[in-house]
Every structure is written in C-alpha cells, then in structure tokens.
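Observations on chain architecture
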Amino acid sequence: VIVDPFAGRSKIATHRNDLADDDGVDAREWLDGLREKRIVADAVLFDPPYSPRQIAECYRAKGRVPTMKDTQNAALYAVVRLRLARLLRPGGIALSFGWNSTGFGKAWRTTEILLVQHGGAHNDTICVAQRMA
C-alpha cells in the first residue's frame, strides 16, 4: 500500500490525491480521511510542489485564490509529513523529493539519497529514502 498526497499524473501509489485533479482536495484533509479509514501504508511518497509559485499554480488550477498562508510551503510540508508518518507502518519507507535532503527529519534513518540533475538552469531534485527509526 503506497500513499501519495501530491500524485499529479502519477499512478504509482495505491492511494493518490492531487489538488489540481478534478476530484483532488487539500492534502491535509485527504490524509485525515485516509487515517479515519484506518489505511496503513507500506510506503509514503512526499513529492509536493517545490516552490510557492508551484503551490499557487495548483490552487489557481482549482479555481481558488491562493493566500500567503497557502503558499508558505514549510508549514504545509511539516503538517503533511506528520500525517504521512502516522499512516506508515513500523519499518515502512518514506520517499521524499525536493530541493533539500531533509526528508522526514533527523529522527528517521536515511537509507539512500539520489541526486537527479535536470541540466541548464533547472534545480536538481534530491530524492531521499528513509525508514522510521
């Protein structure tokens, strides 16, 4: 069972959500719904929009006007990581993608890091695999 709250077009996860999809909702609300259904994940994917601009684009695609609070990604990411961690079974794997190697934090055991170079002026993507400590 794989959970991805920011799936976009990806079909990898068992449970997928993306705000920009027709039936997508805010990741925080969606994860709360999975918890209520007692979903237990073997792996979770954390691949959110990387910048405030990308977050704003997702909101606009949904016809919503993004506020400053909506685009403060550090607060959003902290809440989503916490809710993903609550769904993950003991020994499960968290895969994080972004512009830093923080992943789910220092309390997690990092098992692998991959740097994906996109070339030119594009930022690299840092992929982090971690297990619950």
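Residues numbered from 1 in each chain as written. Predicted model: local features only at pLDDT ≥ 70, side-chain atom pairs only at ≥ 80, totals over all residues. Heavy atoms only, no water.

**Examining the overall build of the protein**
Selection rule: Think of it this way: any DSSP run of H or I at least four residues long counts as a helix, any run of E at least two long counts as a strand, and we number them from the N terminus. With the radius of gyration taken over C-alpha atoms, the globule rule is written as 2.2 Å times the number of residues to the power 0.38. Partly exposed describes any residue whose relative accessible area lies between the buried limit of under 20% and the exposed limit of over 50%, with all areas from a 1.4 Å probe on protein chains only and scaled to the type maximum. When checking whether two residues touch, look at their non-hydrogen atoms; a contact exists if any pair is within 4.5 Å.
Helix and strand content of the protein: 3 helices and 6 strands. Going from the N terminus to the C terminus, the protein shows its helices and strands as β-β-α-β-α-α-β-β-β. Relative to the compact-globule value of 14 Å for 133 residues, the protein shows a C-alpha radius of gyration of 14 Å, a close match. Taken over the C-alpha atoms alone, the protein extends approximately 40 × 40 × 25 Å along its principal axes. The burial tally for the protein puts 41% of its 133 residues in the buried class. Residue pairs in contact within the protein that sit at least 24 positions apart in sequence constitute 59% of those at least 6 positions apart.

**Thoughts on the layout of surface pockets**
Quick reminder of the rule: Here the term cavity refers to a set of points on a 1 Å grid, laid over the protein atoms alone, in which a 1.4 Å probe fits but cannot get out; the term pocket refers to an open set having protein on both sides within 12 Å along at least five of seven lines, with lining residues being those that place an atom within 4 Å of a point. Grid points are joined across faces, edges and corners, and a volume is the space filled by probe spheres set on the points. Classes in brief: Ala, Val, Leu, Ile, Met, Phe, Trp, Tyr, Cys and Pro nonpolar; Asp, Glu, Lys and Arg charged; the others, Gly included, polar.
When its volume is computed, the largest pocket comes out at roughly 520 Å³. Considering the residues around the largest pocket, the lining is formed by 27 residues, among which Phe 6, Asp 18, Pro 48, Pro 49 and Cys 58 are closest to the centre. Contributing elements (two or more residues each) for the lining of the largest pocket: helix H1 (27-36) and helix H2 (52-61). Looking at the lining of the largest pocket, the element that brings in the most residues is H2, giving 5 residues. Across the lining of the largest pocket, the residue classes tally to 15 nonpolar, 5 polar and 7 charged.

**A short note on the side chain of Thr 125**
Note the threshold: Within 3.5 Å is the distance limit for a polar contact, defined as a pair of N or O atoms, with the added protein rule that one can donate a hydrogen and the other accept it, and that residues adjacent in sequence qualify only through two side-chain atoms.
Here Thr 125 is to be found in strand E6 (residues 125-131). Polar contacts involving the side chain of Thr 125 include one to the side chain of His 118, which spans 2.8 Å. Non-local contacts of Thr 125, meaning those with residues more than four positions away in its chain, are made with Tyr 50, Phe 97, Gly 98, Leu 114, Leu 115, Val 116 and His 118.

**With respect to the nonpolar core**
Here is the rule: The criterion is simple. A nonpolar core is a set of buried Ala, Val, Leu, Ile, Met, Phe, Trp, Tyr and Cys residues joined through side-chain atoms within 4.5 Å.
Counting 23 residues, the largest nonpolar core has Val 3, Leu 31, Val 44, Val 80 and Leu 84 as its most contacted members. Within the residue set of this core, elements represented by two or more residues are H1, strand E3 (41-46), H2, helix H3 (73-87) and strand E4 (88-98). Sorting elements by how many residues they give to this core places H3 first, with 6 residues. In this structure Val 3 touches Ala 13, His 15, Trp 30, Leu 31, Leu 34, Ile 39, Ala 41, Ala 43, Val 44, Leu 45, Leu 84 and Leu 87, once residues within four positions along its chain are discounted.

**Here we look at unusual backbone geometry**
Despite not being glycine, Arg 38 has its phi angle at roughly 65°, a positive value. Position of Arg 38 among the secondary structure elements: in the loop between H1 and E3. Owing to a relative accessible area of 73%, Arg 38 belongs among the exposed residues under this scheme.

**Some remarks on the environment of Leu 87**
The residue Leu 87 is located in helix H3 in this model. With residues up to four places along the chain from it excluded, the contact list for Leu 87 reads Val 3, Leu 31, Leu 34, Arg 35, Ile 39, Val 40 and Ala 41.

**A look at the pairing of E3**
As a reminder of what qualifies: For two strands to pair, DSSP has to find at least two bridges joining them.
Where burial is concerned, most of E3 is hidden: 5 out of the 6 residues are buried. Pairing of strand E1 (residues 2-4) with E3, which is carried by 2 bridges, proceeds in the parallel orientation. Bridged to Val 3 within E3 is Val 44. Here 5 bridges tie E3 to E4, and the two strands are oriented parallel to one another.

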